Amino acid sequence: HAMVRDAQGRKMSKSLGNVIDPMDMMRGISLDALHAQLRAGNLPPAEVERAIKGQQLDYPNGIPECGADALRLGLCAYMSQGRSINLDVNRVSSYRNFCNKLWNVVRFALRQLGGDFAPLSAAAAAAAARDTPALHTLERWML
């Protein structure tokens, strides 16, 4: 399994107070609520104050709502980089924007295809591929 770290590369640890609940990333959370979670934990008061300062630097406006799909995509993208995941909320938020754009493209395409559209079966698609002339590499990549 990969090691999950914060945006600065520090190991996420309850004793450091830099752990992010995945539900908070999916739903979003205010900075005050993040601070309340720290105070409700079992950290010593000095560590709580240090962690609060870190949260104020890392999440000055709290954590924006990213959604489950953006979090999944972000974690998958991080896994391609190696054994450490430097979990950056801003990067996961940008994946949310990407997922939203992808959804809009799919909705647009389905609207253009009409309500009676049905994709080809695997056999029909294979037959159509045999009947078409050879495609260039770029055309195959686009399909």
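A quick note: this is a predicted structure, and the numbers were derived from the prediction, not measured. (Residues numbered from 1 in each chain as written. Predicted model: local features only at pLDDT ≥ 70, side-chain atom pairs only at ≥ 80, totals over all residues. Heavy atoms only, no water.)

(A) Expanded view of the packing of helix α2 (residues 31–40) against helix α3 (residues 45–58). The interhelical angle for the contact between α2 and α3, taken along N-to-C directions, is 160°, at an axis separation of 10 Å. By the criterion of interaxial angle, the relationship of α2 to α3 is roughly antiparallel. Read as a crossing pair, α2 and α3 show a hand that is right-handed. Counting all contacts with α2, which are made through Leu31, Leu34, His35, Leu38 and Arg39, the residues of α3 involved are Val48, Ala51, Ile52, Gln55 and Gln56. (Axes fitted to C-alpha atoms, helices over the stretch in contact; angles between N-to-C directions. Helix = DSSP H or I, 4+ residues; strand = E, 2+ residues; numbered from the N terminus. Parallel < 35°, antiparallel > 145°, perpendicular 65-115°, else oblique. Left-handed = near helix turned anticlockwise from the far one by under 90°. Contact = heavy atoms within 4.5 Å.)

(B) Spotlight on the packing of aromatic side chains. A full pass over the atoms with the stated rule returns zero aromatic pairs. A cation over an aromatic ring shows up here: Arg91 above the ring of Tyr78, its NZ or CZ 4.4 Å from the ring centre. (Phe/Tyr/Trp six-rings, centres within 6.5 Å; stacked < 30°, edge-to-face > 60°. Lys NZ or Arg CZ within 6 Å of the ring centre and 35° of its normal.)

(C) Seen up close, the pattern of salt bridges. Within the structure shown, the criterion is met by four salt bridges. Residue Asp58 pairs with Arg10 through a salt bridge whose shortest N-O separation is 4.0 Å. One end of the pair, Asp58, is in helix α3; the other, Arg10, is in the loop between β1 (3–5) and α1 (22–27), with 48 residues separating them in the sequence. According to the relative accessible area criterion, Arg10 is partly exposed, its value standing at 41%. (Salt bridge = Lys/Arg side-chain N within 4 Å of Asp/Glu carboxyl O. Buried < 20%, exposed > 50% of the residue type's maximum accessible area, 1.4 Å probe, protein only.)

Take it as geometry only, folks, not as evidence of what the structure does.
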